Amino acid sequence: MEILNAKQLHEADTYTIVQQKITSVDLMERAAKAFVESFNPNNENIYIFCGNGNNGGDGLAIARLLSEADDLDYIEHICVFIVKTSEHASADFRTNYEKIILSENEKISITHLDDFQEITIPENATIVDGIFGSGLNRPITGFVAQYIEYLNSLPNERIAIDIPSGLYADKPIAENDIVFKADETITFHAPKLQFLFAENDQYVGELTIKDIDLTLPFPAQETPMHFVTDIHLHKRPRFAHKGTFGHALLVAGSYGKMGAATLATKACLKMGCGLVTTHIPSCGYEILQISIPEAMASIDKETKLTSGIPCSEKYSAIGIGPGIGTEETTAQALLQFFKENQKPLVLDADALNILSTHEEMWQYIPENTILTPHPKEFDRLTHNHTSSYERFLTLAKFAKERKCIVVLKGHYTCTATPNGELFFNSTGNSNMATAGSGDVLTGVILSLLAQHYSPKEAAINGVFLHGLAGDESAYDYYYTAPASNFIQHLNTRY
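Residues numbered from 1 in each chain as written. Predicted model: local features only at pLDDT ≥ 70, side-chain atom pairs only at ≥ 80, totals over all residues. Heavy atoms only, no water.

Please explain the overall build of the protein chain as it appears in this structure.
Of the regular secondary structure elements, the protein chain holds 15 helices and 17 strands. Taken along the three principal axes of its C-alpha coordinates, the protein chain extends 85 × 45 × 40 Å. The proportion of buried residues among the 494 residues of the protein chain is 56%. In the protein chain, of all internal contacts separated by at least 6 residues, the share reaching a separation of at least 24 is 73%. (Helix = DSSP H or I, 4+ residues; strand = E, 2+ residues; numbered from the N terminus. Buried < 20%, exposed > 50% of the residue type's maximum accessible area, 1.4 Å probe, protein only. Contact = heavy atoms within 4.5 Å.)

Whenever I open this one, helix α7 (residues 258–270) confuses me. Can you help?
In an α-helix, one turn spans 3.6 residues, which is why side chains three or four residues apart end up on the same side. An ideal rise of 1.5 Å per residue puts 18 Å on 13 residues; α7 measures up with 18 Å between its terminal C-alpha atoms. Among the residues of α7, Met-258, Ala-260, Ala-261, Thr-262, Leu-263, Ala-264, Thr-265, Ala-267 and Cys-268 are the ones counted as buried. Buried-residue contacts for α7 involve β9 (247–251), β10 (275–280), α8 (285–291), α13 (437–450) and α15 (483–488). Phi for Gly-272, located one or two positions after α7, is positive at around 105°. (Expected span 1.5 Å × (residues − 1).)

Sorry if this is basic, but what is going on with the pairing of strand β12 (residues 317–320) here?
Residues of β12 alternate between two faces, with Ala-317 and Gly-319 on one and Ile-318 and Ile-320 on the opposite face, all of them buried. The pairing of β9 with β12 spans 4 bridges and is classified as parallel. Across the sheet, Ala-248 pairs through a bridge with Ala-317, a residue of β12. Sheet topology places β12 next to strand β13 (residues 345–347); 3 bridges connect them, and they run parallel. By the bridge assignment, Ile-320 is partnered in β13 with Leu-347. In this view, the connection linking β12 to its parallel neighbour β13 by way of helix α9 (residues 328–340) has right-handed handedness. (Pairing = 2+ DSSP bridges. Right-handed = clockwise from strand over helix to strand, strands pointing away.)

Explain the side chain of Thr-187 here, please?
Take Thr-187: it is sitting in strand β6 (residues 184–188). At 2.7 Å, the side chain of Thr-187 and the side chain of Lys-192 are in polar contact. In contact with Thr-187, other than residues within four places in its own chain, are Asp-162, Lys-192, Phe-195, Leu-207, Thr-208, Ile-209 and Lys-210. (Polar contact = N/O pair within 3.5 Å; in protein donor to acceptor, adjacent residues only side chain to side chain.)

Honestly, the packing of aromatic side chains in this entry has me stumped. Any pointers?
For any pair of aromatic rings, geometry is given as the distance between the ring centres together with the angle between the planes. As enumerated under the stated definition, the model contains 16 aromatic pairs in all. Geometrically, the ring pair formed by Phe-197 and Phe-392 is tilted, given 5.3 Å between the ring centres and 50° between the ring planes. In this pair, Phe-197 sits in the loop between β6 and α6 (201–204) while Phe-392 sits in helix α12 (residues 388–402), placing the two residues 195 residues apart along the sequence. Ring-pair connections join several aromatic residues into one group, and the members of that group are Phe-116, Phe-143, Tyr-147 and Tyr-150. Seen from the ring of Phe-245, Arg-236 lies directly overhead, with NZ or CZ sitting 3.6 Å from the centre. (Phe/Tyr/Trp six-rings, centres within 6.5 Å; stacked < 30°, edge-to-face > 60°. Lys NZ or Arg CZ within 6 Å of the ring centre and 35° of its normal.)

Looking at this structure, I do not really get the nonpolar core. What am I missing?
For soluble globular proteins, the rule of thumb is that nonpolar side chains tend to be buried together. Residues Ile-370 and Val-440 are the most contacted members of the largest nonpolar core, which totals 47 residues. Filtering out sequence-adjacent residues up to four positions away, Val-440 remains in contact with Leu-263, Ala-267, His-466, Ala-483, Phe-486 and Ile-487. If you look at the next biggest cluster of nonpolar residues, it comprises 43 residues, including Met-225, Phe-338, Val-406 and Phe-424. (Core = buried A, V, L, I, M, F, W, Y, C linked by side-chain atoms within 4.5 Å.)

Looking at this structure, I do not really get the sheet that holds strand β16 (residues 414–416). What am I missing?
Sheets are built from strands that pair by backbone hydrogen bonding, the pairs being arranged parallel or antiparallel. Strand order in the open sheet made by the 10 strands is β8-β17-β16-β15-β14-β13-β12-β9-β10-β11, with mixed pairing throughout. The sheet terminates laterally at β8 (225–228) and β11 (296–299), the two strands that pair on one side only. The strands touched by helix α14 (residues 455–473) are β8, β14 (370–371), β15 (405–408), β16 and β17 (422–425); relative to β15, the strand with the most contacts, the crossing angle is about 10°. (Axes fitted to C-alpha atoms, helices over the stretch in contact; angles between N-to-C directions.)

It is not clear to me how the sheet that holds strand β3 (residues 108–113) should be interpreted in this structure. Could you clarify?
Overall, parallel pairing links the 7 strands, which are arranged β3-β2-β1-β4-β5-β6-β7 in an open sheet. Only two strands of the sheet have a single neighbouring strand rather than two, namely β3 and β7 (206–210). The sheet shows a mean angle of 20° between the axes of neighbouring strands, taken without regard to direction. Along the sheet face, helix α3 (residues 54–68) touches β1 (45–50), β2 (77–83), β3, β4 (125–130) and β5 (157–161) and points at about 160° away from the line of β1. Running over the sheet, helix α4 (residues 91–103) touches β2 and β3 and is turned about 135° from β3.

Can you help me understand the pattern of salt bridges in this one?
It is possible for side chains bearing opposite charge to pair when their charged atoms get close. What the rule picks out here adds up to 11 salt bridges. With a closest N to O distance of 3.3 Å, Glu-37 and Lys-210 form a salt bridge. Remark: Lys-210 occurs in strand β7 and Glu-37 occurs in helix α2 (residues 24–38); sequence separation between them is 173 residues. A residue is classified by how much of its surface remains accessible, and Glu-37, at 61% relative accessible area, is exposed. Look at Lys-210 and you get buried, because its relative accessible area is 17%. Asp-379 serves as the salt-bridge partner of Arg-391, at 2.9 Å between the closest nitrogen and oxygen. Pair noted here: Arg-391 is in helix α12 and Asp-379 is in helix α11 (residues 375–381), with a separation of 12 residues, a long-range link. Each member of the pair, Arg-391 as well as Asp-379, carries the same accessibility label: buried. (Salt bridge = Lys/Arg side-chain N within 4 Å of Asp/Glu carboxyl O.)

Even after reading the chapter, I still don't get the side chain of Ser-67, so can you show me in this structure?
Relative to the assigned elements, Ser-67 resides in helix α3. Contact partners of Ser-67, with chain neighbours within four places excluded, come to Ile-78, Asn-105, Lys-107 and Ile-108.

What is the right way to look at the packing of α2 against α3 in this model?
Two measures define how a pair of helices packs: the angle their axes make with one another and the distance between the axes. Put simply, α2 and α3 touch, their axes get as near as 9 Å, and they point 55° apart. By the angle between their directions, the pair α2 and α3 is classed as oblique. Crossing of α2 over α3 shows right-handed handedness. Listed contacts from α3 to Met-28, Glu-29, Ala-32, Lys-33, Phe-35 and Val-36 of α2 are Asn-54, Gly-57, Asp-58, Ala-61, Ile-62, Arg-64, Leu-65 and Leu-66. The residue inventory of the contact of α2 with α3, partitioned by class, reads 8 nonpolar, 2 polar and 4 charged. (Parallel < 35°, antiparallel > 145°, perpendicular 65-115°, else oblique. Left-handed = near helix turned anticlockwise from the far one by under 90°. Nonpolar A, V, L, I, M, F, W, Y, C, P; charged D, E, K, R; others polar.)

As structure tokens, this is what we get:
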């Protein structure tokens, strides 16, 4: 699904109304119904705070629908507070206001607020924020800011409609901006860009995305940002043999870090690669052969580190980095390999750390090489960043300049391509923040690359399937899971 900026969101609403021959109030009703479908309050009293713009109109429509919902009949009272955010209410706000008045629904009460007065809200109430929407482009001030600060100070469950008031859809907030702190945000069509950065998690809370069937008027080049919720894998031919699915070379491991090599190798095999050869220092020979009999071992002449990397036409794709260390001997082996290699590459972990201190290596790295850094590794490749949004801006520029595909790992892992596309991943969870998780991802991506997926496909699909395996692992482990458990849940038949 496409991630739209604030201007595009408005244009998409307008275009949908014209193309689907509906009114703006009809579209607002559709959004309100989608919200109510996902709304599962823990409390019997609902306090909805509405501005007098369109987001407030959503809030009014939601109040009416909540009062009519049979499956929410335990809700006893819906208190609507209309916060004066503008001298003139929007037309759709007025329409929904009149609908509530005409309904004479005894469950709903309406209070108008044009200055700050402390409201007593019982602890068994859920607070719903519909004050400002995605069109907000300035900090919240005055008595409205006072209300948001007051609501944030309460222990109640807090839910935001579409976007927490005070948060911008596509630009960062300033340090002292006032923003509603939601426990959950129920948004429409796709996440807003700013939902995807760690610094805004305190405002967004749990994210629920509801489809409201928008019709988009934009050509592909105008919507370069995507939220990946589905993928498509190649059908495996019935008369295939192991050679059909490629031969991967993995360069991994060093003394004390053979776990990285075994995890990546197992993941590569589990993801469906036909043949896997793992190049390791001689200290890891028995470890690899005993723990993964399906893999072939290529043994380095050094006992504890990598001093040379085989370069052969028989390999379909090559992955380098998990646990190899950053010794200068290994760095020189990497440089020599880059000079000779023409095969598709995945670079991770120590390969990236070496690259960050050896600028001369970049000239030998093929276009569309896949890099899989975590934030600190990315900062070593570029420079230090003060926020994840700032790092995201560098990511887009870096992928274009280096002509590579960068998988920046995080809760919403973002894959950046050289042509400016950005793919945020929807799968995965915080249980995956554990040692070895990145090694498994390297093996998954390498496997797909060796199976002749394009580098872009291998990166996006690999990240999605890795996260999906982590989601499945969450059923096995309540708090966190060992990375080896992710491998068990890798699904090649998605």
